[in-house]
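Read off the chains here:
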Protein chains: 8
Amino acid sequence: MNISDEVLLDFSRKERTGLDEAVYCAGKSAAHIIEILEQVSTREGRILLTRLNEEMYVGLGEKFRQRLDYDPLSGTAFFPDTAFESCDQPDQSTSQQRQGRVAVIAAGTSDAAVAREASRSLSYAGETPVEITDVGVAGLWRLMERLDDIRSAQVVIAVAGMDAALPTVLAGLISAPVIGVPTSVGYGVAEGGQTALNAMLASCASGLTVTNIDNGYGAACAALRILRMSDR
Amino acid sequence: MNISDEVLLDFSRKERTGLDEAVYCAGKSAAHIIEILEQVSTREGRILLTRLNEEMYVGLGEKFRQRLDYDPLSGTAFFPDTAFESCDQPDQSTSQQRQGRVAVIAAGTSDAAVAREASRSLSYAGETPVEITDVGVAGLWRLMERLDDIRSAQVVIAVAGMDAALPTVLAGLISAPVIGVPTSVGYGVAEGGQTALNAMLASCASGLTVTNIDNGYGAACAALRILRMSDR
Amino acid sequence: MNISDEVLLDFSRKERTGLDEAVYCAGKSAAHIIEILEQVSTREGRILLTRLNEEMYVGLGEKFRQRLDYDPLSGTAFFPDTAFESCDQPDQSTSQQRQGRVAVIAAGTSDAAVAREASRSLSYAGETPVEITDVGVAGLWRLMERLDDIRSAQVVIAVAGMDAALPTVLAGLISAPVIGVPTSVGYGVAEGGQTALNAMLASCASGLTVTNIDNGYGAACAALRILRMSDR
Amino acid sequence: MNISDEVLLDFSRKERTGLDEAVYCAGKSAAHIIEILEQVSTREGRILLTRLNEEMYVGLGEKFRQRLDYDPLSGTAFFPDTAFESCDQPDQSTSQQRQGRVAVIAAGTSDAAVAREASRSLSYAGETPVEITDVGVAGLWRLMERLDDIRSAQVVIAVAGMDAALPTVLAGLISAPVIGVPTSVGYGVAEGGQTALNAMLASCASGLTVTNIDNGYGAACAALRILRMSDR
Amino acid sequence: MNISDEVLLDFSRKERTGLDEAVYCAGKSAAHIIEILEQVSTREGRILLTRLNEEMYVGLGEKFRQRLDYDPLSGTAFFPDTAFESCDQPDQSTSQQRQGRVAVIAAGTSDAAVAREASRSLSYAGETPVEITDVGVAGLWRLMERLDDIRSAQVVIAVAGMDAALPTVLAGLISAPVIGVPTSVGYGVAEGGQTALNAMLASCASGLTVTNIDNGYGAACAALRILRMSDR
Amino acid sequence: MNISDEVLLDFSRKERTGLDEAVYCAGKSAAHIIEILEQVSTREGRILLTRLNEEMYVGLGEKFRQRLDYDPLSGTAFFPDTAFESCDQPDQSTSQQRQGRVAVIAAGTSDAAVAREASRSLSYAGETPVEITDVGVAGLWRLMERLDDIRSAQVVIAVAGMDAALPTVLAGLISAPVIGVPTSVGYGVAEGGQTALNAMLASCASGLTVTNIDNGYGAACAALRILRMSDR
Amino acid sequence: MNISDEVLLDFSRKERTGLDEAVYCAGKSAAHIIEILEQVSTREGRILLTRLNEEMYVGLGEKFRQRLDYDPLSGTAFFPDTAFESCDQPDQSTSQQRQGRVAVIAAGTSDAAVAREASRSLSYAGETPVEITDVGVAGLWRLMERLDDIRSAQVVIAVAGMDAALPTVLAGLISAPVIGVPTSVGYGVAEGGQTALNAMLASCASGLTVTNIDNGYGAACAALRILRMSDR
Amino acid sequence: MNISDEVLLDFSRKERTGLDEAVYCAGKSAAHIIEILEQVSTREGRILLTRLNEEMYVGLGEKFRQRLDYDPLSGTAFFPDTAFESCDQPDQSTSQQRQGRVAVIAAGTSDAAVAREASRSLSYAGETPVEITDVGVAGLWRLMERLDDIRSAQVVIAVAGMDAALPTVLAGLISAPVIGVPTSVGYGVAEGGQTALNAMLASCASGLTVTNIDNGYGAACAALRILRMSDR
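(A) Local environment of unusual backbone geometry. Put simply, Phe79(B) and Pro80(B) share a cis peptide bond, and its omega is -10°. Despite not being glycine, Glu44(A) has its phi angle at roughly 55°, a positive value. Among the secondary structure elements, Glu44(A) is positioned in the loop between helix H3 (30–42) and strand E2 (47–50).

(B) Here's a closer look at the side chain of Arg120(C). Residue and element names in this part refer to chain C. Along the chain, Arg120 turns up in helix H8 (residues 112–124). Of the polar contacts made by the side chain of Arg120, one reaches the side chain of Thr76; its length is 2.8 Å. Residues contacting Arg120, with those up to four places away along its chain left out, are Asp69, Tyr70, Asp71, Ser74, Thr76, Ala77 and Phe78.

(C) Local environment of the relation of the copies chain H and chain E. When chain H is fitted onto chain E, the two copies agree to an RMSD of 0.0 Å after a turn of 180° and an axial shift of 0.0 Å. What we have between these two chains is a two-fold relation. Among all residues of chain H, the minimum C-alpha distance to the rotation axis is found for Ala165(H), at 2.7 Å. Both copies share a contact surface, since 100% of the interface residues of chain H are interface residues in chain E too.

(D) Up close: the packing of aromatic side chains. Applying the stated criterion to the full structure yields 32 aromatic pairs over all chains. With 5.1 Å between their ring centres and 50° between their planes, Phe78(G) and Tyr124(G) make a pair best called tilted. Placement of Phe78(G) in strand E4 (residues 76–79) and of Tyr124(G) in helix H8 (residues 112–124) is noted, with a sequence separation of 46 residues between them. Overall, the relative accessible area of 3% leaves Tyr124(G) in the buried class. Both rings, one in Phe64(H) and one in Phe79(H), keep their centres 6.4 Å apart while their planes meet at 45°; by these two values the pair is tilted. Here Phe64(H), found in helix H5 (residues 62–66), pairs with Phe79(H), found in strand E4 (residues 76–79); they are 15 residues apart in sequence, far enough to count as distant. Both residues of the pair, Phe64(H) and Phe79(H), belong to the buried class.

Rules used in this analysis
- Residues numbered from 1 in each chain as written.
- Chains lettered and ligands numbered in written order.
- Predicted model: local features only at pLDDT ≥ 70, side-chain atom pairs only at ≥ 80, totals over all residues.
- Heavy atoms only, no water.
- Helix = DSSP H or I, 4+ residues; strand = E, 2+ residues; numbered from the N terminus.
- Polar contact = N/O pair within 3.5 Å; in protein donor to acceptor, adjacent residues only side chain to side chain.
- Contact = heavy atoms within 4.5 Å.
- Least-squares fit on C-alpha atoms with pLDDT ≥ 70 in both.
- Phe/Tyr/Trp six-rings, centres within 6.5 Å; stacked < 30°, edge-to-face > 60°.
- Buried < 20%, exposed > 50% of the residue type's maximum accessible area, 1.4 Å probe, protein only.

So, in structure tokens, the structure goes:
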């Protein structure tokens, strides 16, 4: 059995769900990822890579690295690097409308990688999200200062680790859909993100929904499902 | 300290978040709930009660029971019973537009109570959701037969216990926002709903978000946030 | 072996730790509790009973019930019922000084039983705590309105279940010692209080310390240790 | 105590259980593994090594590496490399009958290592399994396209991580025995494979049985027990 | 929505998987179960009920109880009570062949209810299993005395709680497929069955597969999948 | 978005809570930490860094390392290195009063790093704590010998891993506030510190409060809240 | 299958292990227990029943109750009630030697039931243990006062719930074998006894071994193994 | 504070408990260990080091390595290397009596390191234990062949990972005290040893006691407590 038999991309996903297929790279060999890129290349498609760390990125070789738009903080890559412009990209007038429809808000600088995964995934799909960082509720005034910006978004993604109180406070202050993304940041009982996850799920604020720990990409997809339903 | 000092309703929640306050009754005494209803009555407001089991309902006394629209399966009550018509209720033309905007889908009949909590909460807010039950993926054809109905909804709430594979399969087939509600139905490793919750969070389908176990009310609120953003 | 051999009270605890012995009644038989009360009676001492539910209270018999100052919400009892005045009770001038030195703040009405256990334990020791209820952070304004009252206390006990965001927000706003008491209130991932406990431990607010779940009595003791050190 | 005293192979296992002994190499020193190979060599036996990573493989030295049929993806090795032909290997006519009796199905390419451990273990025992990869249920059509191939197998091994919905959907579609193998692939709540394991155990499809996480070898043994009982 | 809309039986399951639909009654209302029985009655079908405790059984009313073959120890019922003879039941010659093809072995008398669920489910499908009880490995001789009986079965179901060492010892002694069923029997770390489950999954005996805790019905289905594949 | 947009220090924290902001460095990039130091430098402020391991320290470059007072055992750094004298530092007479107000007590030498984090954080705030190490209760005499020293402190921080019996024994012997800090030291069930944490929370000694695992900094902040309240 | 087929007592256990068989009654029906007593009666043997609560005891009927020596606190019963004298009972001179060879020490009165299970099991085997109660380490002097009594025992059983610090302190003070029995007494993180169990396992005192939670009977058996080895 | 202040050895432990102090090296710095060795040297004492891995051993420097009797498999060292002969060592006649009083039995070769820690700790105290390896119960005959050797020991230490069925089977066959040591060997649900630990605690064999995971040293100490009590 050779590698091309082992890779079976879901090219019809976009038609069914409105979302392009993305490839989760953690645990995959360079050979598997290269095979995927070649299949995409052959079909003149495009694809989003997530959880591509720098060692794996280097391992893909010069040829493929040149065609990737890679962001090391979030570990995301667009393939081809013109993917962003070619397929799903709106024309300029639409582009303005897509400015700031999603706000990606992170409680601390340690949550930046996950927040960036969300905003990069949104960019790949033609959105221009607003990013707001370091507004954890232990210093409430920072959040309050930005509340007007946040209220102008149509969907809010709230990224937080530790005790993850940010999404609760936020969802109590605004009316837009709020998607909580717990992060694995922290130590002791916070390590791995289970506490952040549970705190978001147990939130006493109404209508907060949650993704898996560190799943910035998933939150972006959920936001896109909402926006596209609204665009219909 | 008397009871009226202990109850401090959040009457401005609607202005901030677009959602009325609801009262989670489990663990509250009859005296506390009655105090709440009296405060609401005085302000000529309305309120949604959740997790009000039959014993508690009986304990509220004849006077209040007469003014409640109570559903025993879901343990929800509208107060006053005319609440549904009076406040948030759309006129007839709007009412038609609100027909079927949310689909509430339950994997098995054991999930019916949670699904009903979601649909009752939606009704309270003026929506008329579609309910589809017993479409678990161990018998895929049942889900496939209803796929067109589901695709016509703007938001889908998928309620499932045990291994909770339904939301994953569903989110792979449709483009609307999908909100997963794990239920505590089951035995062995499924007991309490942690497995269903984790399976939804770990879903390989993109853009599925999740609420706390058995939180049908929360899913309804999340759906309302989406619809109202879309209505803006 | 008869029961009096099985009960060995720690009558010197007060000298060592500044705190009277208290008896945790859950899991003890009526015979054991009565033996304890008789030993205390013989020594003309006094004692605080905690986790004494109504069934157990009734089981103690008329003779002892008459001499108990019992509060059913918190399940606490003072023995003898004059205990409060006799031993540790300050004279009037001191009494005024002890007014409001501790603020006991509960996020929701469901947390009232645990908050009351804390304030009753403080009362037993001669303090007159301030109680503030229903100020959860999903409706921030309620907390903000009471901030001046809270800031005038020397120690703050913050009682919260679910995602327990209240102590974090509070500890970010005030400079007094804050003792968090997680409660077992809630369902799904919140059930039993582990999520509330972990959220408090993982708090991003500095200098918050925590007790066991539902341990209002322990929080009161910690507050008393602080006040007495300060009184030295 | 020298090493040969510490190794006590179970050479009679085949007679009792129909399965050759295999050696789980993780956590064993090179000296221990070499001692095992020498004992096998002396008895002119053969043995299957599992969880032999590349570093350990190199550490066995040239002499033994030459006599091993090693597969790095799965970390399995046959000793001697002619083991496959010599002992349990059927003649040609039987060989054809053993073609495709087991289908090894993996939800994603990240599950390939575990699936390969299963198919290598089957090959070692004379079976020629069918391998099908990348048929996760988030893109159902991929599984449906291969259903006829799967139905022609006598035993199905379904390998999946994350939410592991594949075995449930599969067991609802076919009548053959289905053995689920959860994998440790994933992040957040999926990390380590506990969620995949629990989802399989809680499956609402009837008659699915499960092995330990990542235990491809164990699934192969279970399949062999079934086939040999059927061959009797 | 009335109850008949909520129940959607999977009548084609038998064609797809070879197994009749069964109804897990825990958590279902009497109304739901009665609706199911009526649908089955109308189609002149038959159905197996599991987890039907005595209180629920009584609640079904005289009319349905008369038509049920109910076993209180296992909480199973055949509907109609002639179900056993009518549908899947072999003629006499086949019946003899189906004698003792499955051995259901329980470590202790406390495991009897789960073992009985397995054997009743097998009986419903026309098998006549052998039951062997009280052969836990703390007294090995009891198991050894019955080894010949066990070896004559084609499939073995091993039911055990606590440390669940029985399936491991058994799978090391015989060559037939062994399906482990952990039970929730026990206290302390054994309570709920997680220890028994994990011990079976971690078994050092090769080729043991496992079901959910207390899932005697599932083990029976797995055994039937094996036997029917073998009968093809 | 450049890095200076991502960092938003809470410079008003001191006014609100009496505690300077500190920066938890684990998981932050060198670029983020340098940005923070530069913002502090610009404002002529000072800051405490925690969880700064040696590799990260080296990565900050010569320029910043020169201005840091770094302690490798605890991973803490004062910035600027004159911070200690400049801001919060009392004059000499106050300094004497601040000698020994806090006792930091560690059960074993393996707990030294966490104990040092606490004492360094106290030093940064102008306290001169007493450190007592290796007084675990398996050799009670060691603790008893130091009891007078401990009793002269106003607040006690008790640091312990494994079974963490030290804080319980200690809190039973003294009247000052006791803050328990569980450590992640240990193996098997002790690994990661959950057992130590739970043992402290479940302590039968009254009035012990607890921080997150390994949170020496948090314990110091709690002690400072108490001392400053007492100083008012 | 009738009940006598389901019960298979291990009558040879005494020869193999030196310990009589005992019957764990929780989860067994009255019919099963009666069958056991009848088998024992027929063989003129004797047996120890554990976890026989009062409801079950009553359910055995007058005939068997008369022949049982039943202790409700521990839920243990000797059958026949003369069992104690008849079989294993030493003559008077031996009896004196068996006085106080085991000390059963309980941290609190809430642990009395488990401690009693241990001492009753020892009595059944001819030992006369010393019982010491209410010597938890939060009031160290109580333990210290009894240290000489404890040191005269050959084996010590230490029963404790909550943080279970007693066995650690004890094992640091004496040289005899110490067997820890965690109890399920407590609330919050202590509930169910997992914290007590883990604290004992993680003890920094050397040579403490542990039984399952609430397993007083098991601790007695371990003590008997030690004493009988020593008696050889 | 310099390092000699941080180290406070418990030199009187031997008098109290009959066991020398041992030093658990994991997590300690080389400086701490060297300080300990120097204190021991000054007092002409001796000490046992455990969990000293090879990297740490090398880090102690030539001077100390020469005086250590180091075993890399178990990570144990005797200091001084003549410790074994000098202090606790019996004369020749006693030595023979101490031959084989303890049997250390390991289920698999992967458990060898933990078993060796136990036997090295026993050797340090003057015992000469018997070691038996690779007698897991999946191949029962291996254990049965060695049963006579095992029965001649006065105390048995049973070391096992995975499902840890060995101690249960063993304790059902012999009358001596059996101390179970779970190991962290394994993968999936067995990883880290929690399953092995729980299986031992839940054992249906009577009188088995257990140590922490991988705690060979603790098991040796427990065995020594028993032997010394018996020697009195």
